[in-house]
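This is what each chain is made of:
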Amino acid sequence: MSATIFEKSHLGRAGINLPKQQVSDAPTLNRELLRSEKAKLPELSEFDVVRHFTNLSKKNFSIDSNFYPLGSCTMKYNPKVEERVGALDGFANLHPHHITNNKPEFMQGALESLKILEDDLKEITGMDAFTLTPEAGAHGEMTGIMLIGAYHKKRGNKKRYVIVPDSSHGTNPATAAMVDFEVITVKSDKNGAMDVEAFKEVISDEVAAVMMTVPNTVGLFNPGIKEICDIAHEHDALMYYDGANLNAILGLIRPGDIGFDVVHLNLHKTFATPHGGGGPGAGPVGVREHLVEFLPQLRVGYEDGKGYFLKDKSPDSIGRISPFFGNYLVMLRALVYMQTLGREGMINVSKKAVLNANYVLAKLKDYLDVPYDTFCMHECVLSAESLYKKYHVSTLDIAKYLLDFGLHAPTIYFPLIVHEAIMIEPTETENIDSIDYFCQKVIDAVELAKSNPEAFKEFPKTLPISRADETKAARSLNIRWQQD
Ligand SMILES: *Cc1c(COP(=O)(O)O)cnc(C)c1O
């Protein structure tokens, strides 16, 4: 490990050389507030500091420098034009209290951008209206299920359950439980889709909603989805579409056309906001006509002569779920992404994302196990189960091996329903050269596992840290340097 800047410090080595003070100390400072000892700051020259931080920055792993098979769920490539527009003064420096004080005249441009965004999202999803304010995918889910709760309450429906397939994202059952529903989990069939027969056994008039992650967490599209929607609706259960990963279906299918009542999207995943490491998000929720009256504030309206304005609260609205308008700059970036790509461009995004994932699957299927032998959507799932049984080389070992070759590790041990899972999402922007390179390194790892499994203990060899204690790193992470 390289030394910290404190360890590189040398007494008396200064970065600046100021002339001697020629005025007396400012008289107003309260002496009690001053420190009695000098702060223990590192002492280095300007050049030492520049070199230190430049070298540190080179240790970063980023989408701008290397292949990142975690895909849109974590960090897909975001075109730089979105950042440029997001940084424009008129957008970035808008004062949020214009909203609080209801001063639409000071934010016509921003309100217009929100209105266009809502219209574009309606067109993309086939829904009738959107709330843009939820600040993350999980926040959108909670909003969506609250809307469903409000809908049933107004109709006097007695509802207790939310059905969730076991291949759904973990936030789905968590959301249902948080909004005070009981969760019924339905297992997947051998093709990785929710088992329609098992679903028929648990659906009843007490079911409030069926939450489906589409494509599901094994990267597959459920061919029985329309039938599931029809059956649910017979019981006045509403269909919830977790559209956090729209990368696979953008411009190809629309949740509203299939029969879904509510959908949330993760703008920070599909539509260009770098969010790896917990950055800002936006999880707008789209609804069909029968749920519009329950939408949270704030919503943008437009009238000729009046311009853009903030709509009044509808009597049955669930109220506010975010301060101000949520993460506006994430929405703005999404709008720029959509407008610069256009309809054809967005269709192309999905086709390429799906093609790239299937290409990876086809290249690797002779080397790793394939839990579901079918075409995938925007990501593919493989497994190292056989490799592990035979040679004791695990998914984790392969992931560590890849790090030495300038590759970020793919998602591993997820989805939970696949043993020794390796999940790969190349995204639409990777070209064939980088995907071929990645696949070749996975194949090399598999070959090495067969010839010399012991070798894996040493990977990665080229990084500052080799094998961390995974449990300790997760449970008691300590990244703070402390002075003795
Ligand atoms: C990421 C994700 C979520 C949660 O989104 P956050 O913005 O992280 O809260 C929900 N569902 C699916 C399918 C996801 O991929």
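In case you missed it, the structure is sitting above this.
Described in the following lines is the structure provided in the data block. All values reported here derive from a predicted model rather than from experimental measurement. (Residues numbered from 1 in each chain as written. Predicted model: local features only at pLDDT ≥ 70, side-chain atom pairs only at ≥ 80, totals over all residues. Heavy atoms only, no water.)

**Describing the pattern of salt bridges**
A pair can form between side chains of opposite charge whenever their charged atoms are brought close.
Okay, step 1: Under the defined criterion, the tally for this structure stands at 25 salt bridges.
Okay, step 2: Within the structure, one salt-bridge network assembled from shared partners comprises Lys115, Asp119 and Lys122. (Salt bridge = Lys/Arg side-chain N within 4 Å of Asp/Glu carboxyl O.)

**Observations concerning the packing of aromatic side chains**
Okay, step 1: According to the stated counting rule, one finds 11 aromatic pairs in the structure shown.
Okay, step 2: Here the aromatic rings of Phe61 and Tyr68 are separated by 5.7 Å at their centres, their planes lie at 45°, and the arrangement is tilted.
Okay, step 3: Ring geometry for Phe91 against Tyr328: centres 6.3 Å apart, planes inclined by 50°, an arrangement best described as tilted. Highlighted residues: Phe91 in helix α3 (residues 89-92) and Tyr328 in helix α12 (residues 328-364), separated in sequence by 237 residues.
Okay, step 4: Judged by relative accessible area, Phe91 falls into the partly exposed class, the value being 22%.
Okay, step 5: The class for Tyr328 is buried, based on a relative accessible area of 13%.
Okay, step 6: A connected cluster of aromatic rings, assembled from ring pairs, spans Tyr401, Phe405, Phe456 and Phe459.
Okay, step 7: When the ring centre of Phe309 is taken as reference, the NZ or CZ atom of Lys306 above it lies at 4.0 Å. (Phe/Tyr/Trp six-rings, centres within 6.5 Å; stacked < 30°, edge-to-face > 60°. Helix = DSSP H or I, 4+ residues; strand = E, 2+ residues; numbered from the N terminus. Buried < 20%, exposed > 50% of the residue type's maximum accessible area, 1.4 Å probe, protein only. Lys NZ or Arg CZ within 6 Å of the ring centre and 35° of its normal.)

**Description of unusual backbone geometry**
Okay, step 1: Of note, the amide linkage connecting Val214 to Pro215 takes the cis form, showing an omega dihedral of -15°.
Okay, step 2: Counting through the fold element by element, Pro215 comes out in the loop between β4 (207-213) and α9 (225-234).
Okay, step 3: A cis amide bond links Phe459 with the next residue in sequence, Pro460, at an omega value of 0°.
Okay, step 4: Here Pro460 lies in the loop between α15 (432-451) and α16 (470-475).

**A closer look at α15**
Okay, step 1: Taking 1.5 Å as the rise per residue, α15 with 20 residues should run 28 Å; its terminal C-alpha atoms sit 28 Å apart, in good agreement.
Okay, step 2: Those residues of α15 that fall on the buried side of the exposure criterion are Ser434, Ile435, Phe438, Cys439, Lys441, Val442, Ile443, Ala445, Val446 and Ala449.
Okay, step 3: If you follow the buried residues of α15, they end up packed against α12, α13 (385-391), α14 (395-403) and β12 (421-424).
Okay, step 4: The N-terminus of α15 is capped by Asn431, whose side-chain oxygen sits 3.1 Å from the backbone nitrogen of Asp433. (Expected span 1.5 Å × (residues − 1). Contact = heavy atoms within 4.5 Å. Polar contact = N/O pair within 3.5 Å; in protein donor to acceptor, adjacent residues only side chain to side chain.)

**Side note on the nonpolar core**
Okay, step 1: Counting 63 residues, the largest nonpolar core has Val210 and Phe271 as the members making the most contacts within it.
Okay, step 2: Sorting elements by how many residues they give to this core places α12 first, with 12 residues.
Okay, step 3: Ignoring any residue separated from it by four or fewer positions in sequence, one finds Val210 in contact with Ile163, Met194, Phe199, Ile203, Ile228, Ala232, Leu238, Met239 and Tyr240.
Okay, step 4: Of all hydrophobic cores here, the second largest spans 36 residues; its members include Phe67, Leu368, Val442 and Ala455. (Core = buried A, V, L, I, M, F, W, Y, C linked by side-chain atoms within 4.5 Å.)

**Section: the sheet that holds strand β1 (residues 129-131)**
Okay, step 1: Pairing is mixed in the open sheet, where seven strands are placed in the order β1-β7-β6-β5-β4-β2-β3. Each end of this open sheet is capped by a strand with a single partner; those strands are β1 and β3 (182-186). When strand polarity is set aside, the average angle formed by the axes of neighbouring strands in this sheet is 25°.
Okay, step 2: Bridging between strand β6 (residues 262-265) and strand β7 (residues 285-287) involves three bridges; their strand directions are antiparallel. The partner of His264 across the bridge, within β7, is Val285.
Okay, step 3: The strands touched by helix α6 (residues 137-155) are β1, β4, β5 (238-243), β6 and β7; relative to β5, the strand with the most contacts, the crossing angle is about 170°.
Okay, step 4: Strands in contact with helix α7 (residues 171-178) are β2 (161-165), β3, β4 and β5; relative to β4, the strand with the most contacts, it is inclined by about 155°. (Pairing = 2+ DSSP bridges. Axes fitted to C-alpha atoms, helices over the stretch in contact; angles between N-to-C directions.)

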